[in-house]
Amino acid sequence: MKLNIDEALRYAGVRGEPSEALRRQAEAVAEEVTAAVRPRYTYRIFAIQRRSDGFYLPEADILLPGESAARMLAECDRAALLACTLGAKFDAMLRTEQARDMAQALLLDACGSAWVEAGCDEAERELKARLPGTYLTDRFSPGYGDLPLALQPSICAVLDTQRRLGLCVTESLLMNPGKSVTAVIGIAERPQAARIRGCAYCALRERCTLRKGGKHCGN
């Protein structure tokens, strides 16, 4: 598992090719992050029932409504629910850096985002290894497309994230610790095309600094 420096720089809002000095600075921050914290994740696999109001996971008692879920799960008979976090230690690191140096804190936050994504990628690799002969869809999260953020508490509850990861959801549907992700991954019997990538499906599309600058994060 490796933190992607280019991805971290995109999260930091860097446009175009970064200077060597900035890249070295980001690499130093990445080393600090990866030495201090490691992504932790948990996931479970559930059968899917197709209903008129969406895709229902009966064992989890969770309904995935809307066009985004329908697009991703169209050829799937199972789905994995995933949660990944950097934990409270990263939040403490970020608060300390924000009080000391906001420019450095921006890089730290961006490296944290890239590191938790690396954890999700690792979880996907593990899931693929557990399910030979099957194919995974793109992962997507509550808040992407029309999948409601209100699913966050249910996903965390069924994954028992508070006990397993120290991860909970606030009343305003924010993840605590902050550098955390939940996601859905469809499982199919044949290869799946990329279906839900791009700005149109992202919950951050209206306030994304990359998009305002005419760029995108590559997802």
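Our structure is the block above this text.
All figures in this text were calculated on a predicted structure; none of them were measured in a lab.

### Observations concerning the overall build of the protein
Right, so step 1: Within the protein, the secondary structure is distributed over eight helices and nine strands.
Right, so step 2: For the protein, the proportion of contacts with a sequence separation of at least 24, taken over those separated by at least 6, is 73%.
Right, so step 3: On the protein, roughly 11,200 Å² of surface is accessible, and the fraction owed to carbon and sulfur atoms is 48%.

### Points about the packing of aromatic side chains
Right, so step 1: With the rule as written, the count across this model stands at one aromatic pair.
Right, so step 2: Each ring, one from tyrosine 41 and one from tyrosine 43, has its centre 6.4 Å from the other, and the planes form 15°; the classification is stacked.
Right, so step 3: A relative accessible area of 23% means that tyrosine 41 is categorised as partly exposed.
Right, so step 4: The ring of tyrosine 56 carries arginine 51 above its face, with NZ or CZ at 4.4 Å from the centroid.

### Concerning helix α6 (residues 152-159)
Right, so step 1: What α6 keeps buried is the set Gln152, Ile155, Cys156, Val158 and Leu159. Along the long axis of α6, the arc covered by the buried residues comes to 165°, so they all point the same way.
Right, so step 2: After α6 finishes, the residue aspartate 160 shows a positive phi value of roughly 55°.

### Observations concerning helix α5 (residues 102-130)
Right, so step 1: Here α5 is 29 residues long and its end C-alpha atoms lie 42 Å apart, about the 42 Å a rise of 1.5 Å per residue gives.
Right, so step 2: Two or three places before alanine 103, at the start of α5, stands the capping residue aspartate 101, its side-chain oxygen 3.1 Å from that residue's backbone nitrogen.

### Some words on unusual backbone geometry
Right, so step 1: Here asparagine 176 and proline 177 are connected by a cis peptide whose omega angle stands at 5°.
Right, so step 2: Look at aspartate 61: it is not a glycine, yet its phi comes out positive at around 55°.
Right, so step 3: If you check the backbone angles, leucine 173 has positive phi at about 70° while not being a glycine.
Right, so step 4: Along the chain, the position of leucine 173 falls in the loop between β7 (168-169) and β8 (175-176).
Right, so step 5: A relative accessible area of 25% places leucine 173 in the partly exposed class.

### Quick word on the side chain of threonine 182
Right, so step 1: Along the chain, the position of threonine 182 falls in strand β9 (residues 180-188).
Right, so step 2: Among the polar contacts made by the side chain of threonine 182, one reaches the side chain of glutamine 152 at a distance of 2.4 Å.
Right, so step 3: For threonine 182, the residues in contact, after removing those within four places along its chain, are Leu82, Ala83, Phe140, Ser141, Pro142, Gln152, Ile155, Cys156 and Met175.

### Comments concerning the sheet that holds β9
Right, so step 1: Taken in spatial order, the four strands of this open sheet run β1-β5-β9-β6, and their pairing is antiparallel. Looking at the sheet topology across the chains shown, the edges are occupied by β1 (40-47) and β6 (135-140). Taking each pair of neighbouring strands and ignoring which way they run, the sheet shows an average axis angle of 20°.
Right, so step 2: One ladder, built from eight bridges, connects β1 with strand β5 (residues 76-85); its direction is antiparallel.

### Side note on the pattern of salt bridges
Right, so step 1: Summed over all chains, the structure comprises eleven salt bridges.
Right, so step 2: Here lysine 179 makes a salt bridge to aspartate 109, at a shortest N to O gap of 2.9 Å. Residue lysine 179 is found in the loop between β8 and β9, and its partner aspartate 109 is found in helix α5; the two are separated by 70 residues along the sequence.
Right, so step 3: When its relative accessible area of 27% is taken as the criterion, aspartate 109 is described as partly exposed.

### Overview of the side chain of glutamine 152
Right, so step 1: Within the secondary structure layout, glutamine 152 lies in helix α6.
Right, so step 2: The buried category is assigned to glutamine 152, whose relative accessible area is 6%.
Right, so step 3: Discounting chain neighbours no more than four positions away, the residues touching glutamine 152 are Pro142, Val169, Leu173, Met175 and Thr182.

### What to know about the packing of helix α4 (residues 87-100) against α5
Right, so step 1: One can describe the packing of α4 onto α5 by two numbers: an axis separation of 7 Å at closest approach and a directional angle of 160°. It follows from the interaxial angle that α4 and α5 lie roughly antiparallel. As for how α4 packs across α5, the hand of that crossing is left-handed. Judged by residue contacts, Phe90, Met93, Leu94, Glu97, Gln98 and Arg100 of α4 engage Met102, Gln104, Ala105, Leu108, Asp109 and Gly112 from α5.

The rules behind the values
- Residues numbered from 1 in each chain as written.
- Predicted model: local features only at pLDDT ≥ 70, side-chain atom pairs only at ≥ 80, totals over all residues.
- Heavy atoms only, no water.
- Helix = DSSP H or I, 4+ residues; strand = E, 2+ residues; numbered from the N terminus.
- Contact = heavy atoms within 4.5 Å.
- Areas by Shrake-Rupley, 256 points an atom, 1.4 Å probe, with all protein chains shown as cover.
- Phe/Tyr/Trp six-rings, centres within 6.5 Å; stacked < 30°, edge-to-face > 60°.
- Buried < 20%, exposed > 50% of the residue type's maximum accessible area, 1.4 Å probe, protein only.
- Lys NZ or Arg CZ within 6 Å of the ring centre and 35° of its normal.
- Arc of directions from axis to C-beta.
- Expected span 1.5 Å × (residues − 1).
- Polar contact = N/O pair within 3.5 Å; in protein donor to acceptor, adjacent residues only side chain to side chain.
- Pairing = 2+ DSSP bridges.
- Axes fitted to C-alpha atoms, helices over the stretch in contact; angles between N-to-C directions.
- Salt bridge = Lys/Arg side-chain N within 4 Å of Asp/Glu carboxyl O.
- Parallel < 35°, antiparallel > 145°, perpendicular 65-115°, else oblique.
- Left-handed = near helix turned anticlockwise from the far one by under 90°.

On their own, these measurements won't tell you what the molecule is for.
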